[in-house]
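# Structural description and commentary
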Amino acid sequence: MKFLWEVGCEELPPSFIPIAMGQLKVGMEKVLREKEIPFSKIEVFGTPRRLVLLIYDVAPKQAEKLLEIKGPPYHIAFDGQGNPTQAALGFAKSQGVSVDELIVKEDRGGKYVFAVKVDKGRSTEELLQESLPDLLYSIYLPKSMRWDSSNLRFIRPIRWHLALLDDKLVEFKIGEIISQRTTYLERYLEKPYSPQDVDDYLRKMEEEGIVLDPLKRKERIFSEAKRLSESVGGSIAPSERFLDKVAFLNEKPRAFLGKIDERFLSLPREVIATAMEEQLNLFSITDGAGKLLPYFVGVRDGGDIGMENVVEGYEQVLKARLADAHFFFYEDLKVPLRERISGLSGIIFLRGLGTIADKVRRMKHILVLLPVEESVKGKALLAAELCRVDLTTHLVGEFPSLQGTIGMHYALIQGEDKEVAEAIYESYQYTIGPDGIRTPVGRLVSLADKMDTLAGAFHLGLQPSGSSDPFALRRACQTVIDLLKEENRFNLEELFEATKRAYKEEMGIELERSEELWEFIRNRVGLALRESGIRYDIVNAVLAGDIGNIREVFARAKALDELREDEDFVPTVMASVRLINIIRFAQKRGEQVGGDVKVGYLQLEEEKRLYEAGKEVEKKIEALKESGDYKAIFKELSSLKDFINGFFDKVLVMTEDNELRANRLALVDFIWKLFFNQFGDLSQIVLEG
C-alpha cells in the first residue's frame, strides 16, 4: 500500500520548506517505528503551496504480537495444593483469560504467573489518524500565525489537506479542516481535482507540470536557464543557495529571457546582480570574460499564457531599480570618499560605544600599536579610515548588502591605492579566500575591526546566548582565529592588549568582561580544532594551556595528534601525569607549590639528575620554539620520562622535612611546567587501556 498526505497552504517562505520537509520525514519514520508499522521508504516533497508526505509499501496494520502479561508471584496465585487463589482468579479475569490459560515462568529469580494474549494489531489508518496532526504540530516554526477558531498555529494558513491510503480517504482534522479527497492545481484554490488514488494524484501533478521534488525543480530551472543564456552567447553561474531559493519559490517553473537597458551596464557588476538576484530573483548572464551581458533569465511559476506580459513586467521593474541605482551611483561619485569621513560621526555603532567615527579611530589606534612593517601599516591605516565611509552613500542606502563592495569601487574610481580599496571590501568579510579576506592590508583591517567589535560587545554584555547572535560575534571570533592561525608578527594577546588600550585612550573605557571574552575565544578555538579533525581529549589538553598565540595552539594540537601512535607517546604522557598528580595532592593539603629550585637542597642522585636533565631540555626547547617544531619539542620532553619515573621511584616528595619537601615540590613544578607551557595539561589525554 501507498500512503499520501498533502498539506496545502498559502505561499510558504522558501527558507521554511526544507526545514519542514526534513522534520516531517524524521518524525514520520519515528512514528512508524514506534507503532511497529512496516514500510519500505518515505519521501517528503515541498513546494510554495504544498507539503507532501509519501510512504511506500506501508502495511495495512500492525503485525500480530504474542503478549505475556506478568501477574502475581506463583506462591500468591496458587496455594500449597496448586489451587488458584483469589489473586489468580482476579488477575485472569482482568486479562480476559481463564485460570487454566495462565502459565508459570521464572522471572528475576522467582516464579510468576503470566497471561498469554494475542495482540492482533491496530490498523495503519487508525494510527495515522491519531499521529499525523501531532506530527504537523511538532514542526519547528520560526514564526507562526493563527487563522481559525481552533487556535492552530502554523507558519502560513492551511487551506486544505488530502490523505489517501491507496484509494481510501483517511479522515482526520488539522485545526478545523477535515481531510478531503481534493487538491488544488492552481493558486487561490483554483482548479480543484479529486484523485482516485495515490498513483492518480502523482500522475496528475506531473501532467499539470507541478514538480513536487525540489531537486528535480532545481535541475529543471538550471537546465532551462542555461539553455536560454547560451541562446544569447552567455552563461550563468548561480550559487547553490540562490538556486535553492528559486526552486522553493516555484512549483511549476518556467524560465524566460529578458533584456537589460544597456546604459545601466556601466554600473558595478555587483549592483546589477544584487538588484536582479536579491530583489527580483533573476539570473544574471555573463560572457566568456565574466562581463555582464544585457540579458537576464527569470523563472515564472506557471505556464506560457501571458508570458509576454510577465517578461515586460520584470524588465520594467528591473529598469526602475537600476535607474535609481544609476542615479545614486553618479551622485555619490560627486563627493570623494575622503570628504565623507566626517559623516561617520552621525552614525551610531553601538549605544555605549560611540559612533562609527569612534570605531574607526579605535581601529586605527589598534593598528598603530601592532608590530607590523610600516609600508603595510600605512595602507592599513588609510583603509581603516575609509572602510566605513560608504555607509554615508546613497547606493549603500539602496543596497545595504553591498557595504564594502561599493566603497571598494568608489575608492578605485577615485584613484585610491588598489590594496587600500580591496581592504575596504575585505573589512566587511568573514571568510578567507578569493571572495573574502585575501590581502595583507585587508587581514590587518579585518582583525582590528572584528576584535574591536568583540571586545566592545562583551563589555556591554551583548555576548551570544543559545541560538541568538544578533551581532555575528561567533563569526567575528572565527574570523579572528582563522586570521591569527597564519599570523607570525603578533598574537592574540598582543591584539587584545592593543584593543584594550585603544578603548582606554580613545574612549576612556576600561573594558569589562574580558575573562568572559577570553573564555568565548577559547571555546571557539576548541570548536575549530575539533572541526579540523583533532581528537577531543587532545583539544582539551591544549586548551588547558595558554591560548595567547593561536598559531602555536594549532601547531601544538596537530603535533600531539600526529604523535599519538608514536611508541614514546603514552609513556611520556603517563610520566607527565605523575607530576601533576603530586602537585594536585600537595595543593589539596595546602602546600605552596612553585618557586625556584634550590640546587643545594637536592640530596639524592635521582633528583639531581632530573633537575640537570630538565635544565638541558629547557635550553633545547627555547631553540626549537623558534622553528615551531613541536614534534621535536615533544621528543625532547620525552627524554625526561625515565628521569621522572626514577625520581618518583626513589624520592619521597612529601617528606616530613619542610624545606626539603618545598624544594622537591618546586622541582616537580619546574618539570611539569616544561610540559604545560609547551602542550597544556597532558593529563586530559585519554590513554586506552
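In case you missed it, the structure is sitting above this.
A brief look at the structure comes next. Predicted model only: the values in this text are computed from it and were never measured.

### Section: helix 19 (residues 514-531)
Across its 18 residues, helix 19 extends 26 Å between first and last C-alpha, which sits within 8% of the 26 Å expected from 1.5 Å per residue. Along helix 19, the positions that sit buried rather than exposed are Ser514, Leu517, Trp518, Phe520, Ile521, Arg522, Arg524, Val525, Gly526, Ala528 and Leu529. On the buried face of helix 19, the contacting elements are helix 16 (440-459), helix 17 (473-484), helix 18 (492-507), helix 20 (536-543) and helix 21 (550-563).

### Regarding the sheet that holds strand 15 (residues 253-259)
Spatial ordering of the open sheet is given by 15-17-16, a layout of three strands whose pairing is antiparallel. If you trace the sheet from one side to the other, it starts and ends with strand 15 and strand 16 (283-286), each paired once. Adjacent strand axes in the sheet meet at a mean angle of 30°, parallel and antiparallel pairs treated alike. By the bridge criterion, seven bridges tie strand 15 to strand 17 (residues 292-301) in an arrangement that is antiparallel. Looking across to strand 17, one finds that phenylalanine 256 is bridged to glycine 298. Against the sheet, helix 9 (residues 307-332) touches strand 15 and strand 17, its axis set at about 55° to strand 15.

### Examining helix 23 (residues 605-625)
In this model, helix 23 (21 residues) spans 30 Å end to end at C-alpha, consistent with the 30 Å of a helix rising 1.5 Å per residue. All buried positions along helix 23 are accounted for by Glu606, Glu607, Leu610, Tyr611, Ala613, Gly614, Val617 and Ile621. Buried residues along helix 23 sit in contact with helix 24 (630-638), helix 25 (641-650) and helix 26 (658-679).

### Details of the packing of helix 25 against helix 26
Taken N-terminus to C-terminus, the directions of helix 25 and helix 26 make an angle of 155°; their axes are 12 Å apart at the nearest point. By the angle between their directions, the pair helix 25 and helix 26 is classed as roughly antiparallel. At the point where helix 25 passes helix 26, the crossing takes the left-handed sense. Between helix 25, through Ile644, Phe647 and Phe648, and helix 26, the contact on the second element is made entirely by Leu667, Val668, Ile671 and Phe675. Residues that form the contact of helix 25 with helix 26 fall into these classes: seven nonpolar, no polar and no charged.

How each quantity is defined
- Residues numbered from 1 in each chain as written.
- Predicted model: local features only at pLDDT ≥ 70, side-chain atom pairs only at ≥ 80, totals over all residues.
- Heavy atoms only, no water.
- Helix = DSSP H or I, 4+ residues; strand = E, 2+ residues; numbered from the N terminus.
- Expected span 1.5 Å × (residues − 1).
- Buried < 20%, exposed > 50% of the residue type's maximum accessible area, 1.4 Å probe, protein only.
- Contact = heavy atoms within 4.5 Å.
- Pairing = 2+ DSSP bridges.
- Axes fitted to C-alpha atoms, helices over the stretch in contact; angles between N-to-C directions.
- Parallel < 35°, antiparallel > 145°, perpendicular 65-115°, else oblique.
- Left-handed = near helix turned anticlockwise from the far one by under 90°.
- Nonpolar A, V, L, I, M, F, W, Y, C, P; charged D, E, K, R; others polar.

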